[in-house]
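One letter stands for each residue in the lines below.
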Amino acid sequence: MRFARFVHAGGVSFGIVEGEAQSGLTIAEIDSIPFQNVRPTGNRWALADVRLLAPIFSSKVIGIGRNYADHAAELGNELPKEPLIFIKPSTSVIGPNDAIRIPSVAKQVEHEAELAVVIGASGARRVDRAGAQKAIFGYTVGNDVTARDLQRSDPQWTRAKGFDSFCPLGPWIETDLDVSDLEVRCEVGRNPDAMEVRQLGRTKDMVFDVATLVSYVSHVMTLLPGDVILTGTPAGVSQIVPGETVSVSVQGIGELRNPVVSLD
Ligand code: MG
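Please read these numbers as outputs of a predicted model, since none were measured by experiment.

Colleague: Just to check I follow, could you spell out the overall build of the protein chain for this structure?
Modeller: Helix and strand counts for the protein chain come out as 5 helices and 19 strands. The C-alpha extent of the protein chain, read off along each of the three principal axes, is 55 × 45 × 30 Å. By the burial criterion, 54% of the 264 residues in the protein chain qualify as buried. In the protein chain, the share of contacts with a sequence separation of at least 24, taken over all contacts with a separation of at least 6, comes to 70%. Counting only carbon and sulfur atoms, one obtains 50% of the accessible surface of the protein chain, whose full area is about 11400 Å².

Colleague: Whenever I open this one, the sheet that holds strand β19 (residues 254-262) confuses me. Can you help?
Modeller: One key point about sheets: their strands pair by backbone hydrogen bonds, in either a parallel or an antiparallel sense. Read from one edge to the other, the open sheet built from 5 strands follows the order β9-β19-β18-β15-β16, with strand pairing classed as mixed. Edge positions in the sheet fall to β9 (100-102) and β16 (196-202), since each of these pairs with one other strand and no more. Mean inter-strand twist for the sheet, computed between neighbouring axes without regard to direction, equals 20 degrees. As judged from the 3 bridges shared by β9 and β19, these two strands associate in the parallel manner. Residue I102 lies in a different strand from β19, and its bridge partner there is S262.

Colleague: What am I meant to see in the coordination of the magnesium ion here?
Modeller: The reference angle at a metal is 109.5 degrees if four donors form a tetrahedron and 90 or 180 degrees if six donors form an octahedron. The coordination sphere of the magnesium ion, as far as protein atoms go, consists of E112 (OE), E114 (OE) and D144 (OD), spread over 2.0 to 2.1 Å. Of note, the magnesium ion draws all its donor residues from one chain, in the sequence arrangement E-x1-E-x29-D. On the criterion of sequence distance, the pair formed by E112 in the loop between β10 (109-110) and β11 (113-119) and D144 in the loop between β12 (136-143) and β13 (146-147) is long-range, its members being 32 residues apart. Accessibility expressed as a relative area gives 0% for D144, which makes it buried.

Quick notes on the rules
- Residues numbered from 1 in each chain as written.
- Predicted model: local features only at pLDDT ≥ 70, side-chain atom pairs only at ≥ 80, totals over all residues.
- Heavy atoms only, no water.
- Helix = DSSP H or I, 4+ residues; strand = E, 2+ residues; numbered from the N terminus.
- Buried < 20%, exposed > 50% of the residue type's maximum accessible area, 1.4 Å probe, protein only.
- Contact = heavy atoms within 4.5 Å.
- Areas by Shrake-Rupley, 256 points an atom, 1.4 Å probe, with all protein chains shown as cover.
- Pairing = 2+ DSSP bridges.
- Axes fitted to C-alpha atoms, helices over the stretch in contact; angles between N-to-C directions.
- Donors = N, O, S within 2.8 Å, 3.2 Å for Na, K, Ca; no water.

Okay, here's the thing in structure tokens:
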């Protein structure tokens, strides 16, 4: 199922996205956060008539660095011997169509298209790979926006990856998905009808797979319901500038689009 969070005339709700793109998607409101036995309220909208938000509240977003060999190589880095983790603050999260706001201090901001793991109701603390699989609620699409110049100049990555709006997530959470070999794509352009493909990878090329990542992170910090792990990006990262739109998509989930603007 596809769970989304959205704004409608009556407020903010969670809902289940139904239908096919060709015939028109609808969203059926549910009565609570989508982890356990949710009930439809009976309210339904055309997806085109609501505004999607980031699909979940996260206490934290954990990023994984250098988890695709071709991306590690393009930045001149060795492959890590164990997962390389960092934190993106919850305040960096934005939803579909929200603007990525580039501060003037960042001179080279880049997209990173990523499969994003969403932790479910049980959370995860010191789980093995099997326990990690059980702790996963579903998957969404993420863009690990990074100020590459600041990542190079700072001894650690918090500033480069932590600006407000540097973590687009969405459009929804897909709960029924085999993520072992999915296409991960990023397109950038000024004209939505003429976007240029910048990244095109497959999740089978991850250095550490999803279960290994969740298990590893859970041995460092307790993963709470709704926490997100960004699983790393394939090769092709490149600069984005105000006036462009970034589209990130993961096969079987959907497309996440965000315009890029100047913050100051
Ligand atoms: Mg990344």
